[in-house]
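These are the residues of each chain, in order.
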Amino acid sequence: MSRWGTGALGRIVRSGVGRRRVQTVVIAVATMMAVASAVVAGSLMVATNAPFDHAFAAQHGAHLTVQFDPAKAGAARLEATRQLDGVTASAGPYPITTIHPVDGHGGHLPGLTLVGRSDPGGAVDHLTLKSGRWARKPGEIVLSSTFAGPFLKTGSTLKASEAANSRTLTVVGFALSASRTADAWALPAQVRGLASKDSPVTSQMLYRFDSAGTKGQITADRKKLAAAVPSGALLGAQSYLDTKHAADQGAAATIPFLIAFGLLGIVMSVIIVGSVVSGAVGTSLRRIGILKAIGFTPREVVRAYVAQALIPAGVGIALGVVLGNLLAVPLLEDTEQVYGTASLAVAWWVDVVVPAVALLIVGIAALVPALRAGRLRTVEAIAVGRAPRTGRGQWAHRAAGRLPLPRPVTYGLASPFAHPVRTAALLLAVAFGTVATTFAVGLTQSLNAVGRASDPEDRATVTAVSGGPAAQDSGPRSKAHGAPPSADPAKVRAAIKAQAGTATYYGLSQDDVTVAGITGSVQASLYQGDSSSGSYEMLSGHWLSGAGQLVVSTRFLERTGTRIGDTVRVTLEKDTETLRIVGEAFDTSDDGLHIHADIADFAAAEPQVFYIEVKPGVSPGTYARKLSAALKPLGAQAFANSASEQENMIIILDAMAVLLTLMLVSVASLGVLNSVVLETRERVHDLGVCKALGMSPRQTVSLVLASVAGIGLLGGLIGVPGGFALHGFVLPVMGHAAGTDLPPSVLDVYDAPQLALLALAGIVIAMLGALLPAGWAARARTATALRTE
Amino acid sequence: MTQVIQLEGVTKRYDSADAPALGPLTLTVEEGEALAVTGPSGSGKSTLLNLVTGLDKPTEGAVTVAGQRIDQLSEHALAKFRRAQIGMVFQFFNLLDDLTVEDNIQLPAQLTGTPRRKAAARAGELMEVLGITRHARAYPGRLSGGERQRVAVARALVNRPALLLADEPTGALDTASGHDVRELLLDLHRGGQTIVLVTHDLPLAEACASRTIHLVDGHLALDTHAEAAR
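About the criteria used
- Residues numbered from 1 in each chain as written.
- Chains lettered and ligands numbered in written order.
- Predicted model: local features only at pLDDT ≥ 70, side-chain atom pairs only at ≥ 80, totals over all residues.
- Heavy atoms only, no water.
- Helix = DSSP H or I, 4+ residues; strand = E, 2+ residues; numbered from the N terminus.
- Buried < 20%, exposed > 50% of the residue type's maximum accessible area, 1.4 Å probe, protein only.
- Contact = heavy atoms within 4.5 Å.
- Areas by Shrake-Rupley, 256 points an atom, 1.4 Å probe, with all protein chains shown as cover.
- Polar contact = N/O pair within 3.5 Å; in protein donor to acceptor, adjacent residues only side chain to side chain.
- Buried area = accessible area lost by both parts, 1.4 Å probe.
- Salt bridge = Lys/Arg side-chain N within 4 Å of Asp/Glu carboxyl O.
- Axes fitted to C-alpha atoms, helices over the stretch in contact; angles between N-to-C directions.
- Parallel < 35°, antiparallel > 145°, perpendicular 65-115°, else oblique.
- Left-handed = near helix turned anticlockwise from the far one by under 90°.
- Nonpolar A, V, L, I, M, F, W, Y, C, P; charged D, E, K, R; others polar.
- 1 Å grid on protein atoms, 1.4 Å probe; cavity = no way out; pocket = protein on both sides within 12 Å on 5 of 7 lines; lining within 4 Å.
- Points joined across faces, edges and corners; volume = space filled by probe spheres on them.
- Phe/Tyr/Trp six-rings, centres within 6.5 Å; stacked < 30°, edge-to-face > 60°.
- Patch = residues over 30% accessible without salt bridge, like charges linked within 9 Å, V, L, I, M, F, W, Y side chains within 5 Å.
- Pairing = 2+ DSSP bridges.

Draft legend 1. How the structure looks around the overall build of chain B. Counting secondary structure elements, chain B contains 8 helices and 10 strands. Among the 230 residues that make up chain B, the fraction classed as buried is 55%. Sequence-distant contacts in chain B: of pairs separated by 6 or more residues, those separated by 24 or more amount to 68%. Of the roughly 9700 Å² of accessible surface on chain B, a fraction of 49% belongs to carbon and sulfur atoms.

This is the structure:
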């Protein structure tokens, strides 16, 4: 006889699997959902673990991106650098220049580093074409995928510069370079054609080295290259470590969130699979007793029952791996967008480890009760299904019977106490489901609060721009880089002031400044007038209230080693001012180094945009139309602001939170479904008696639902503080990973009524799981149930 | 007299190809009558019981109990009908092990929405009559078979049903307990309770019933009234 394929044992296994179809299906579905959740959670955790490294390795990224002067280092010289000691791979030379394109609406894009490549492949920096195709002829351009959005799509056209006769470029695709070797690509001849006296063509070489793990090694590699070419030929080099640092910092904020969801998913999967399988074996004790009575050995009985659990669980695990992979793909694509990395895939070992661990858990969960059944004396095993139950839970029935509720409800409420272990597993499942729901709700609100706090100027009802239509139509990217103002800001200001319906307004200029102690430039927002309506969320100190003041971010304070009250020297063009830090704002823009000051401190600065609040009862649209008519002769215009579009990353994280929560809630509900199926099966005779005594189908449903309502409520009451605590722990970690503290508006997102409602989530989860078996119980034939033992 | 049970041309088939498990059968039971249903295994006794209680529906014919045509009722209406009009006593008692004796007895009353105090008073009254008051707080598992069956009878009577159905009420009892239950049923019959008693126990049928029908292969083979038999 084979282990359990043919013969008596095989028949027992097959009949056991086939006879208990509901149980079999529940085991398969619960295992499938649990495994799918674990695959998704595991994949995301793997993907978030060094996403840049994965993308960099996949693209064979460049350790050093080097720019050479072709006049000093010709092709032959550069060719020779490939042979340098330590260089393992290289690509180039590619012609490179910088263009300052203007979009179809006249909006100025930031300066783009344009590289000439005839195809996206190569030994180094193998580009990932995210959409469209590669450039095939002059006049075509491929942009970095970071530019893709509603304002720039495949087919969009750009003028290479604002010169009247400049070349029109059609965007034919979007590509991603993990090494960030360029902002745009075109055919080499096109790049040479677009070069100008101000932006001459230079040569780009990409290198990989055998040792490039540290800054020191990269510096040494750079020196080798510099020594191999004539002095001054190496114009500049970009280390992949800098790019990695920036990418990891962007990704870091989402990692705690994904880890929290991943761990929740894995813990819940273990609980559900364990309780489902052990419950299924535990309810078969009487059948086990009969098998032993007719001659099955304890070992055969154990094998038979482990197999009966493993077969549906095996099917569920296989389906779960497939489902998990299908669900993980869109999530990984979202993750990919968040991280700006190249294509991410489910790690192969997740597809191996998750099912292996799931099988192990199923095996152990089935083995424990099966061994217990195997050890039971035959008479005892048979008696388990027949004898009156032990006194467990009788006190609960006594107590519940006193409640002023309908009898079916009180009877149901007391039922869980008969099976404390099963009830505990059920409670954990519901509690974890509620934790996930509470956490997801809080996270979504926090992310939305971050979105609102990030762009305070979006709160203004009307915006007036003195730089022409570009600022309005070309999206946020070009807003700050609008064309030089064509209107006199003083006249624009006067027009706004004179316009009926104006409540408050302030002007804003965004300029690059240098700050003592920080290398390179940082972006400064310089405000004119009362800017309190556009103030950032303050973490400490206060918003600008006059000249000589400076508001900075957490990262700025850390980077410069300053505190509120300290002074900092800020230079705009030739004007250097010493400003006092008066506040720490929640501001992560410009890598967290964005500063805010009064425009009066810098004589050269003029406001480019005005943000206006209208008086109550004034229609923003009508106001904007009238103001625009007044501003048009000045060369400016006004428009009413629509509701701020949320940032991509926030939308993606919201979607991920919702999907992951739905999965976890489904798994929790399946756990409830399984427990209630077991309970209903065990109680089918009692339910038959109740129905024979006159319990209506509706009362039967209320009895079954009441049997999980208490657990749902308790699970909710445990889960809500759990989710609340998880939110309170994860959000600051996310903030720190992004280099900032978080303001109360982002952290304190729950209110009491909402928490009370969330506590009901446990009941909803429990009810969802119990509804189906409650219907079965109500429909079960009473006469058959009465004969059932 | 009022007819409590009226079966008109009732047939029950479980499989359309097979012979009917019961019928065609036409039968009436008058108010206050104690009808014993006897017959060998498979004769259709349980099928008859299920049809009268509304636990099953006839393939053909009409079943009227306490003036209500029950074969056309919905499950919900049937449940309401059962709890109001029928008390059931089973061979294996079918008490709920996790409820005390008094909770078991009160359960059908509570299902009808009877106020707690009223249900408790009625249960107390029945326990007193049936001599089980001292077991009120006990659980069924601790009682003897006879005591459990008394509890089951009390539960069956709590809503003052028009009809008491007893399915082999002494089948799981020792002789002494069986005698107890017999006396109890006899007392109930004397008190005017309409009873249908399904049993293999002919002495029980003779002692308690005013009329006995004997079923063979689903057909009425014999219908005797006690007076006629005597």
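Moving on from the model shown.
Draft legend 2. Structural context of the overall build of chain A. Regarding its fold elements, chain A presents 27 helices and 21 strands. Within chain A, the proportion of its 789 residues that are buried is 54%. Taking contacts inside chain A between residues at least 6 apart in sequence as the whole, the part at least 24 apart equals 80%. On chain A, roughly 32600 Å² of surface is accessible, and the fraction owed to carbon and sulfur atoms is 60%.

Draft legend 3. Region of interest: the side chain of Ser156(A). Residues and elements named next belong to chain A. Relative to the helices and strands, Ser-156 resides in the loop between strand S6 (140–144) and strand S7 (157–159). Residue class for Ser-156 comes out buried when judged on its relative accessible area of 17%. Within the structure, the side chain of Ser-156 is placed 2.9 Å from the backbone nitrogen of Lys-153, a separation counted as a polar contact.

Draft legend 4. Here's a closer look at the interface of chain A and chain B. On the side of chain B, 24 residues touch chain A, which itself brings 33 residues to the contact. Buried area between chain A and chain B, summed over both chains or domains, comes out near 2600 Å², and the portion from carbon and sulfur atoms is 56%. Interface area lost by chain A to chain B is led by Gln394(A), Arg407(A) and Leu693(A), which between them contribute 26%. Our count for the contact surface shared by chain A and chain B stands at 2 salt bridges. Between Arg683(A) and Asp98(B) there is a salt bridge; the shortest N-O distance is 2.8 Å. Summed over the shared surface of chain A and chain B, the result is 16 residue pairs in polar contact (both at pLDDT 80 or more). When contributions to the side of chain A that touches chain B are tallied by element, the ones reaching two or more residues are helix H13 (394–401), helix H14 (407–414), helix H23 (684–692), helix H24 (697–737) and helix H27 (782–787) of chain A.

Draft legend 5. Geometry of the packing of helix H5 (residues 145–157) of chain B against helix H6 (residues 175–190) of chain B. Residue and element names in this part refer to chain B. Closest axis-to-axis distance for the H5/H6 pair is 9 Å, and the angle between their directions is 20 degrees. Here H5 is positioned roughly parallel relative to H6, judged by the angle of their axes. The hand of the H5/H6 crossing is right-handed. Together, Gly-146, Gln-149, Arg-150, Val-153 and Leu-157 of H5 and Ser-177, Asp-180, Val-181, Leu-184 and Leu-188 of H6 make up the contact between the two elements. Grouping the constituent residues of the contact of H5 with H6 by class yields 5 nonpolar, 3 polar and 2 charged.

Draft legend 6. Quick look at the pattern of salt bridges. Taken as a whole, this structure holds 16 salt bridges over all chains when the rule is applied. For Asp221(A), the salt bridge goes to Lys224(A), with nearest N and O atoms at 3.7 Å. Of the two residues, Asp221(A) and Lys224(A) are both situated in helix H6 (residues 215–228); the distance of 3 residues between them amounts to about one turn of the helix. Since its relative accessible area comes to 33%, Lys224(A) is described here as partly exposed. We note a salt bridge from Glu33(B) to Arg211(B), for which the minimum N-O separation is 3.5 Å. In this pair, Glu33(B) is assigned in the loop between strand S2 (22–30) and strand S3 (34–38) and Arg211(B) in strand S9 (residues 211–216), connecting sequence segments 178 residues apart. Of the two residues, Glu33(B) and Arg211(B), neither departs from the other in class, the shared state being buried.

Draft legend 7. Broad picture of empty space enclosed by the protein. Residue and element names in this part refer to chain A. Enumeration over the complete set of coordinates arrives at 8 cavities of 30 Å³ or more. Reported here for the second largest cavity is a volume of approximately 110 Å³. At the level of elements, helix H15 (420–454), helix H22 (648–682) and H24 are the ones that each hand at least two residues to the lining of the second largest cavity. Residue classes in the lining of the second largest cavity are distributed as 5 nonpolar, 5 polar and 2 charged.

Draft legend 8. A look at the environment of Val354(A). Residue and element names in this part refer to chain A. If you trace the backbone, Val-354 turns up in helix H11 (residues 348–375). Between the alpha carbons of Val-354 and Gly-42 there is a distance of 8.1 Å; along the sequence they are 312 residues apart. The residues touching Val-354, leaving out its near neighbours within four places in the chain, are Val-35, Ala-38, Val-39 and Trp-349.

Draft legend 9. Structural context of the packing of aromatic side chains. Residue and element names in this part refer to chain A. Tallied over the full model, the rule gives 9 aromatic pairs over all chains. Taken together, a centroid distance of 5.9 Å and an interplanar angle of 45 degrees make the contact between Tyr-506 and Tyr-527 tilted. Of the two residues, Tyr-506 sits in strand S13 (residues 502–515) while Tyr-527 sits in strand S14 (residues 521–529), which places them 21 residues apart along the sequence.

Draft legend 10. Focus on a nonpolar patch on the surface. Residues and elements named next belong to chain A. Taken together, the side chains of Leu-713, Leu-714, Leu-717, Ile-718, Leu-757 and Leu-760 present a nonpolar region at the surface, about 550 Å² in accessible area. Looking at the nonpolar patch, the elements with two or more residues in it are H24 and helix H26 (752–779). The leading source of residues in the nonpolar patch is H24, at 4 residues. Take Leu-717: it is sitting in helix H24. Take Leu-717: its relative accessible area is 48%, and that puts it in the partly exposed class.

Draft legend 11. Local environment of the side chain of Lys12(B). All names here are of chain B. For Lys-12, the location among the structural elements is in strand S1 (residues 3–12). A polar side-chain atom of Lys-12 sits 3.3 Å from a polar atom in the side chain of Asp-56. With sequence-adjacent residues up to four places away left out, Lys-12 is seen in contact with Pro-20, Ala-21, Leu-22, Thr-47, Leu-51, Asp-56, Lys-57, Pro-58 and Thr-59.

Draft legend 12. Summary view of the sheet that holds S9(B). Residues and elements named next belong to chain B. Overall, mixed pairing links the 6 strands, which are arranged S6-S7-S8-S3-S9-S10 in an open sheet. The sheet is open, and its two borders are formed by strand S6 (86–89) and strand S10 (219–225), each paired with just one other strand. Taking each pair of neighbouring strands and ignoring which way they run, the sheet shows an average axis angle of 15 degrees. Note that S6 and strand S7 (residues 163–167) share 4 bridges and pair parallel. Note that in S7 the partner of Ile-86 across the bridge is Leu-163.

Honestly, that's just the spatial picture; any functional story needs more than this.
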